Amino acid sequence: MMSYSKRDEDSGRIGYQHYFDKTTILQEARVFNESPINARKCRALLTKILYLISQGETFGTTEATELFFSVTKLFQSKDSALRQMVYLVIKELSTVAEDVIMVTSSLMKDMQPTSEVMYRANAIRVLRKITDASMLQGLERFLKAAIVDKNAKVSSAALVSSYHLYGIAREVVKRWANEAQEAINAKPQSAVSAATSYVSSFGNVPATYTAVSNSNIVQYHALGLLYAIRQKDRMAVSKLVQNYAAKSGMSGSVLRSPFAQCLLVRYACKVMEEDPSSTRAVYDLLEGWLRHKSEMVNLEAAKAICEIKDATVKELFPAVTTLQNFLSSGKPSIKFAAIRALNKLAMTQPAAVAPCNIDMENMITDQNRSISTFAITTLLKTGNEASVERLMKQISGFMSEITDESKVLVVEAVGSLCIKFPAKHHVMLSFLSGALRDDGGYDFKRAVVEAIFNFVKYIPESKEAALSHLCEIIEDCEYSKLSVKILHLLGVEGPKCPQPTKYIRYIYNRVILENAVVRGAAVSALAKFGVNVEDEAVKKSVKVLLSRCLDDADDEVRDRATMYLNVIKSGDEQGYVRDDSTYALAYLERQLLNYVSNPELADTPFDLSAVPKISRQDEQERGAQDLGITQSLGARTSTPPQSGSASNGSGARPAVSTTPSLDQQAAYAQQLAEIREFASFGPLFKSTAKPVELTESETEYVVSCVKHVFAHHVVFQFNIKNTLNDSVLEDVNVLMTPDNDEVSLVERVLIPAPQLVYDVPGVAYVAYERTVLEEYPECTFTNELKFIVKDCDPQTGEPDEEGFEDDYQVEEVSLAIADFVLPSYIPSFTRAWEELGQDFEVVETLALTTSPGLQEACRDLIALLGMQALDNTGTVQGSNVHTMTLSGIFIGGIRVLARCRMTYDSATGVTLQLAIRSASEEVSLVMIGAIA
Amino acid sequence: MVNLTLYTVKAVVMLDSEGGRVLAKYFGQDYASAKDQKAFEKGLYDKTKRSPHGEIILFDNQVVLYRFHEDVFFYIVGMPEENEAMLLVILNAFSDAVSMLLRHQISKRVILENLDLVVLALDETIDEGIVLETDPSAIVARVSKPRENLSDVPLSEQTLIQAYQTAKEKFGTALLK
């Protein structure tokens, strides 16, 4: 027999990269037109084309189209070895060439049940690539038949192709669910029936290779397709899981493919996520899968158990045991999988992972650096204080060998460790500064800097050391973004240190050496020293340094220097350098847009006082959320720092934060702006932060309400969801009836939700106008839904022609004074309080009978007044006396401040002295009326 | 994020002992441009060349499984949260199938000489990121080999049956003309 590898030079051999190029190939393509077709030569040339494409060579549209059509000539050849290659090249060229749809008929011919298996399976996969949604109708019959074909290869090809097509032709593919189901349940093909495979026609294939697959992978494809079709229908998915999971326990399980079992595990978790009541049942299933004979299924189940929210250590135990066994696996991938899962679990549940400590110790020196890195970072989380030093030393040894991703993991682990073992801060700090000397990308350096920031924030005794490390970093930092961050922190923290002058030197060096962005940040940092350091000598030298910056080449740097110099001279530091508030930017942006787009406002200046302010801390936390690091932030705050610096940490958040509601409000504003009827209402003043639930969550129709307050109007937005899958609601109106006829509100606009199909929320609006502007009506409305209900087919969602009118009572909604007040942050309450003066002060003393304690009283007051608690006064600090200060903006842009002095006595409860100040007596009276 | 789809593999890459591309196939949009692909391959090679038998690495936020044969690295790139055991089965399927097709003599030279077999094996293992088959013998059986072109072989080396077949073929073509 001829040895296959000894092919002759000119036609068979594929050379190295520069052996041939595109031009030669295009010339050689003539061979495709020769008659008779030289199958070997053509196949070799096709291989060269594929090789070129794989090397990154690209073909122009004309080139590709010409090549494509000369390749299609090869369909005339009966040589199946050539045909398989033709299919592959057609697939590759189809993305570039034009009119590829022309080969459809050739492929259809190859798809016929009478063709060879290889022709059929591959033709289906090629056809999928060149077809579009409009052609699919014509192919439906073939594909459905191919899905249930008894040959697994044909069936898999059809299923996978259908899966790809699902994205472009959902409606058509949806109809193939029954076939997919049948493919899952099909009996495995016996080895005998496969003997007719085309392979046998080539003499040099050893007889042991049979075309029949032992993987049962077709079940995986079929299950995947079935889920894709059913995924929107929660009941159907839940049934799918129950159906196949129940049978998987027995030896004669329907799902023989471990890949399919893994999918089932994932679907089961999805069911649990959407329906928490199923947690118990799903957990039992997962535990069963831990004992499945395939390790990929065990792994999938163990990972899934570790992901269950609020799982107890006991519930985690079987999963951890499975992973622990994998730690001693001979396969690096399995070890890696296990340690990665344990590492993730250790972030939230270190106690559950601790039993694996000994196994993980053995992995520290693992050949595979990814594995050893995970082992060490996990041990850092689960281990005790004594082992920290040793682990750090181990890991410094190979930091330079591991990928940036792993380095970030290590650094983050060390960063969070500082809270756990503050006594070890010197080891960790020197490790971090050592790590910085390694090469690494921005993400890695940023992680190190963030970790050092943690030390500054949470461990006062390490602050000075950490700051000097940071000073070193900026001396030689290639990332301006990081330098700016560090300079800012130096500006904030430096002046509080015993020797502020030593930082000034480092900062001023930046002014001399860096680009404009960093210089600007350095100037701002310098100014903070000038303002905050009491020592006159320091103030003086800062002034000298700043005046040197007045000649800077960059405008921004010069401007900053000029401004800060004047601020320091004038002594009005409070308003500029020490101000820790900032405008709610989303809100400000919206107001500005409105101002610019509204020509009537052009004559009046923009009213900045109507824009609410938030503290820098809120702003930062929001920034942190944007970066997606809330999780680690949450993890840090959940461990209370023992160093007593809690008031500096995130624990200092005001009890009621305005930030999330302002973001939400921006979203609402956009929605409302798109509704024509509301266009004349002007800018949105306030939306209630959380929708008020008007029904229980299990009822037929779930309704919630959001109130939007405009200058003269109030819009009620009703979010309605239909939870019945056999009915469709049309023309859904909300009928609102105020309990008080005298109220100065007139209904203006009524916008129904046109149609509510199952599980898709819809919105109806009711808008009222306030006819008397000086009145801020407090009133409760009873609400009723009025709609036309039509029965429909739960499967297709097709509604009947005929419907009938129906109504549905939901709970009441009320309008209160708080709806006309926007919470707003101010940096200094005392100053603002003095500024407003006593002219329109209203004071009243009340007994708060409804509040059982001071903390509850604070909460109720914030809710009733709709204002923002300042300086952390929203949280009561233990004693029987508490003063809460509040700030807000009343509709029309009037600033309102409130001082709530409260005493608590177990006999009489909470007594409140409420003082309100504002720029208008009327507003002060209205505000006090909200409580009385 | 748990992967609820069938899309499992982001790329299959083969690099030689200097990091040069032997063969590469990327699926999906993550590494769409040639530049991104080259950068990814370079970084991947740098991180794996020192431990050719490490088998698995977290690189560029992807889980990458790999195997080294003689002077070629086989890489399978998966979604970051993908089940590693699943990816291992896929790597084994492809690597074993190629090994069988090349008669257990995997090297860059042999792969390039038999590239038709390797690209077909890849196409039969993964379809646009979805694993098509995990049984290496089934993959091997699905890869067609080119028919020996009998007319190129000197008559003296042909067996009688081959001679008969050649004659029949020639006769057939003559008739068709």
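Residues numbered from 1 in each chain as written. Chains lettered and ligands numbered in written order. Predicted model: local features only at pLDDT ≥ 70, side-chain atom pairs only at ≥ 80, totals over all residues. Heavy atoms only, no water.

Here the focus is the overall build of chain A. A tally of regular secondary structure across chain A gives 38 helices and 18 strands. Within chain A, buried positions represent 53% of all 932 residues. Within chain A, residue pairs in contact and separated by at least 24 positions form 66% of the contacts whose partners lie at least 6 positions apart. (Helix = DSSP H or I, 4+ residues; strand = E, 2+ residues; numbered from the N terminus. Buried < 20%, exposed > 50% of the residue type's maximum accessible area, 1.4 Å probe, protein only. Contact = heavy atoms within 4.5 Å.)

Time to look at the overall build of chain B. Counting secondary structure elements, chain B contains 6 helices and 7 strands. By the burial criterion, 61% of the 177 residues in chain B qualify as buried. Accessible surface computed for chain B: about 7400 Å², of which carbon and sulfur atoms make up 55%. (Areas by Shrake-Rupley, 256 points an atom, 1.4 Å probe, with all protein chains shown as cover.)

Take the packing of aromatic side chains next. If you walk through the whole model with that rule in mind, you get 28 aromatic pairs over all chains. Between Phe-829 of chain A and Trp-833 of chain A, the ring centres sit 5.2 Å apart and the planes meet at 25 degrees, which makes this aromatic pair stacked. Placement of the pair is Phe-829 of chain A and Trp-833 of chain A together in helix α36 (residues 829-836), with a separation of 4 residues, close to one helical turn. For the pair Phe-829 of chain A and Trp-833 of chain A, a shared accessibility class is recorded, and that class is buried. Ring centres of Phe-73 of chain B and Tyr-75 of chain B lie 5.6 Å apart, and the angle between their planes is 20 degrees; on these two criteria the pair is classed as stacked. For Phe-73 of chain B, a relative accessible area of 2% puts it in the buried group. (Phe/Tyr/Trp six-rings, centres within 6.5 Å; stacked < 30°, edge-to-face > 60°.)

Right, let's get into the interface of chain B and chain A. Counting residues at the interface gives 70 residues for chain B and 80 residues for chain A. Considering only the side of chain B, the residues that lose the most area to chain A are Leu-4, Leu-6 and Leu-58 of chain B, jointly responsible for 10% of the buried surface there. Our count for the chain B to chain A interface comes out at 13 salt bridges. A salt bridge links Lys-129 of chain A to Glu-128 of chain B; the nearest nitrogen and oxygen atoms lie 2.6 Å apart. Where chain B touches chain A, the interface holds 35 residue pairs in polar contact (both at pLDDT 80 or more). Counting residues per element, the ones that place at least two in the side of chain B that touches chain A are β2 (21-26), β3 (56-59), β4 (62-69), α2 (84-101), α3 (108-113), α4 (115-125), β7 (130-131) and α5 (136-142) of chain B. Residue composition of the side of chain B that touches chain A, grouped by class: 33 nonpolar, 13 polar and 24 charged. (Buried area = accessible area lost by both parts, 1.4 Å probe. Salt bridge = Lys/Arg side-chain N within 4 Å of Asp/Glu carboxyl O. Polar contact = N/O pair within 3.5 Å; in protein donor to acceptor, adjacent residues only side chain to side chain. Nonpolar A, V, L, I, M, F, W, Y, C, P; charged D, E, K, R; others polar.)

With that settled, the discussion passes to the pattern of salt bridges. Taken as a whole, this structure holds 54 salt bridges over all chains when the rule is applied. Across the salt bridge formed by Lys-25 of chain B and Glu-92 of chain A, the nearest N and O atoms sit 3.0 Å from each other. With Lys-25 of chain B in strand β2 and Glu-92 of chain A in helix α5 (residues 80-93), the pair connects residues from two separate chains. In this structure Lys-25 of chain B comes out as partly exposed when scored by relative accessible area, which is 29%. Note that Lys-344 of chain A and Glu-307 of chain A form a salt bridge whose closest N and O atoms lie 2.7 Å from each other. In this pair, Lys-344 of chain A is assigned in helix α18 (residues 332-348) and Glu-307 of chain A in helix α16 (residues 295-307), connecting sequence segments 37 residues apart. With a relative accessible area of 40%, Lys-344 of chain A lands in the partly exposed category. Among the residues examined, Glu-307 of chain A registers a relative accessible area of 45% and is labelled partly exposed. A cluster of three or more residues bridged by salt bridges with shared partners is formed by Lys-91, Arg-125, Arg-128, Lys-129 and Lys-153 of chain A together with Asp-123, Glu-124, Asp-127 and Glu-128 of chain B.

So, on to the sheet that holds strand β1 (residues 9-16) of chain B. Residue and element names in this part refer to chain B. Strand order in the open sheet made by the 5 strands is β2-β1-β5-β4-β3, with antiparallel pairing throughout. In the strand order of this sheet, the two ends are held by β2 and β3, each with one partner. Strand-to-strand, the axes of this sheet are offset by a mean angle of 20 degrees, without reference to chain direction. (Pairing = 2+ DSSP bridges. Axes fitted to C-alpha atoms, helices over the stretch in contact; angles between N-to-C directions.)

Attention now goes to the sheet that holds strand β7 (residues 727-738) of chain A. All names here are of chain A. Spatial strand order, β9-β7-β11-β12: 4 strands in an open sheet with antiparallel pairing. In the strand order of this sheet, the two ends are held by β9 (753-756) and β12 (804-815), each with one partner. Each strand of the sheet is rotated relative to its neighbour by a mean of 30 degrees, with strand direction disregarded. Two strands pair when backbone bridges link them, and β7 and β9 are joined in this way by 3 bridges, in the antiparallel orientation. In the strand pairing of β9, Glu-730 is matched with Gln-755.

Moving on: the nonpolar core. Formed by 249 residues in total, the largest nonpolar core has its most connected members in Phe-32, Leu-46, Leu-223 and Leu-470 of chain A together with Ile-111 of chain B. For this core, the element with the most residues is α2 of chain B, which contributes 12 residues. Grouped together as the second largest cluster of nonpolar side chains are 71 residues, Phe-685, Val-709, Val-743 and Leu-914 of chain A included. (Core = buried A, V, L, I, M, F, W, Y, C linked by side-chain atoms within 4.5 Å.)

A grouping of Glu-696, Glu-698, Asp-739, Asp-741, Glu-742, Glu-811 and Glu-812 of chain A is seen on the molecular surface, where their side chains present a negatively charged patch. When you line up the elements, Asp-741 of chain A lands in the loop between β7 and β8 (745-751). (Patch = residues over 30% accessible without salt bridge, like charges linked within 9 Å, V, L, I, M, F, W, Y side chains within 5 Å. Lys, Arg positive; Asp, Glu negative; His and termini not counted. Charge placed at Lys NZ, Arg CZ, Asp CG, Glu CD.)

All names here are of chain A. The residue after Ser-35, namely Pro-36, is reached through a cis peptide bond having omega 0 degrees. Relative to the assigned elements, Pro-36 resides in the loop between α2 (22-28) and α3 (39-54). For Asp-731, which is not a glycine, the phi torsion comes out positive at approximately 55 degrees. Its place among the elements puts Asp-731 in strand β7. Relative accessible area serves as the criterion here: at 40%, Asp-731 is assigned to the partly exposed category. A positive phi angle, close to 70 degrees, is found at Asp-759, a residue other than glycine. Along the chain, Asp-759 turns up in the loop between β9 and β10 (762-770).

Keep in mind these values describe shape, not function.
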